[in-house]
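Read off the chains here:
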Amino acid sequence: MNRLLWVILLTAYLIPPQAAAADTVLVMQVGLTFQPQNVTIQVGDTVQWVWNDGSHTVTSGSGPFDPNAGSLFNMMFDVTHQSPSYTFNGSPGLYPYHCIPHFFLGMTASVTVEEGGTTATESTTWGDIKKLFSLDH
């Protein structure tokens with residue numbers, strides 16, 4: 001029994017933890033708005049936009065006067081392109097985006113990308129494992 005417990009603990013210690021699976025967050029187009037208007041995700045997650053009606057774009061940047069507008073993504077968003085998506089694999093930060101034809105009508109939104117979280121795990125060393133079986137607690 002004691003040997004089996006050692007094998008189980010040693011195996012659990014030697015198997016590396018698996019990375020958390022990336023998420024996909026849906027943003028709906030409702031009239032001339034993106035809903036929700038602001039989403040928070042982690043690095044590696046994907047935002048997928050869901051079309052409802054009209055002809056729009058999903059364009060990175062704060063608006064048409066942003067010198068970097070469209071440099072990250074610039075996708076058609078219409079009856080032919082009903083669910084464009086973008087995976088945020090870059091640096092954490094605030095990523096504004098907009099619809100080019102409806103920017104001046106307020107069709108803007110943003111994605112906040114946070115550093116990928118890790119689950120809290122207890123640090124275990126070989127010495128800690130040996131202490132579990134020590135008679136000198």
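You'll find the structure just up there.
What comes next is a walk through the structure.

The rules behind the values
Residues numbered from 1 in each chain as written. Predicted model: local features only at pLDDT ≥ 70, side-chain atom pairs only at ≥ 80, totals over all residues. Heavy atoms only, no water. Pairing = 2+ DSSP bridges. Helix = DSSP H or I, 4+ residues; strand = E, 2+ residues; numbered from the N terminus. Axes fitted to C-alpha atoms, helices over the stretch in contact; angles between N-to-C directions. Buried < 20%, exposed > 50% of the residue type's maximum accessible area, 1.4 Å probe, protein only. Patch = residues over 30% accessible without salt bridge, like charges linked within 9 Å, V, L, I, M, F, W, Y side chains within 5 Å. Areas by Shrake-Rupley, 256 points an atom, 1.4 Å probe, with all protein chains shown as cover. Salt bridge = Lys/Arg side-chain N within 4 Å of Asp/Glu carboxyl O. Core = buried A, V, L, I, M, F, W, Y, C linked by side-chain atoms within 4.5 Å.

**Points about the sheet that holds strand β5 (residues 56-60)**
Sheet strands associate in pairs through backbone hydrogen bonding, adopting either a parallel or an antiparallel arrangement.
And step 1. One open sheet accounts for five strands, arranged β3-β9-β8-β5-β6; its pairing is mixed. Edge strands, defined here as strands with exactly one partner in the open sheet, are β3 (38-42) and β6 (74-77). Strand-to-strand twist of the sheet, defined as the mean angle between neighbouring strand axes without regard to direction, takes the value 25°.
And step 2. Pairing geometry for β5 and strand β8 (residues 93-98), over two bridges, is antiparallel. Bridged to serine 60 within β8 is tyrosine 97.

**Topic: the environment of leucine 105**
And step 1. Note on placement: leucine 105 falls in the loop between β8 and β9 (108-114).
And step 2. Classification of leucine 105 as exposed rests on a relative accessible area of 60%.
And step 3. For the pair formed by leucine 105 and leucine 32, sequence separation is 73 residues and the distance between their alpha carbons is 7.4 Å.

**Remarks on a nonpolar patch on the surface**
And step 1. Residues Leu26, Met28 and Val30 make up a contiguous nonpolar surface patch of roughly 250 Å² in combined accessible area.
And step 2. Tracing the backbone shows methionine 28 in strand β1 (residues 24-30).
And step 3. Using a relative accessible area of 37% as the deciding quantity, one classes methionine 28 as partly exposed.

**Some remarks on the nonpolar core**
And step 1. Within the largest apolar cluster, 18 residues are counted, with the highest numbers of intra-cluster contacts made by Phe34, Val47, Trp49, Val58, Tyr97 and Val111.
And step 2. Secondary-structure elements contributing two or more residues to this core are β3, β4 (46-50), β6 and β9.
And step 3. Top contributing element to this core by residue count: β9, with three residues.

**Brief notes about the sheet that holds strand β7 (residues 85-87)**
And step 1. On the basis of which strands lie adjacent, the open sheet formed by four strands has the order β2-β1-β4-β7 and mixed pairing. Of all the strands in the sheet, just β2 (33-35) and β7 have a single pairing partner and so form its edges. Averaged over all pairs of adjacent strands, the angle between their axes in this sheet comes to 25°, without regard to strand direction.
And step 2. The pairing of β1 with β4 spans five bridges and is parallel. When the sheet's bridge partners are listed, valine 25 is paired in β4 with valine 47.

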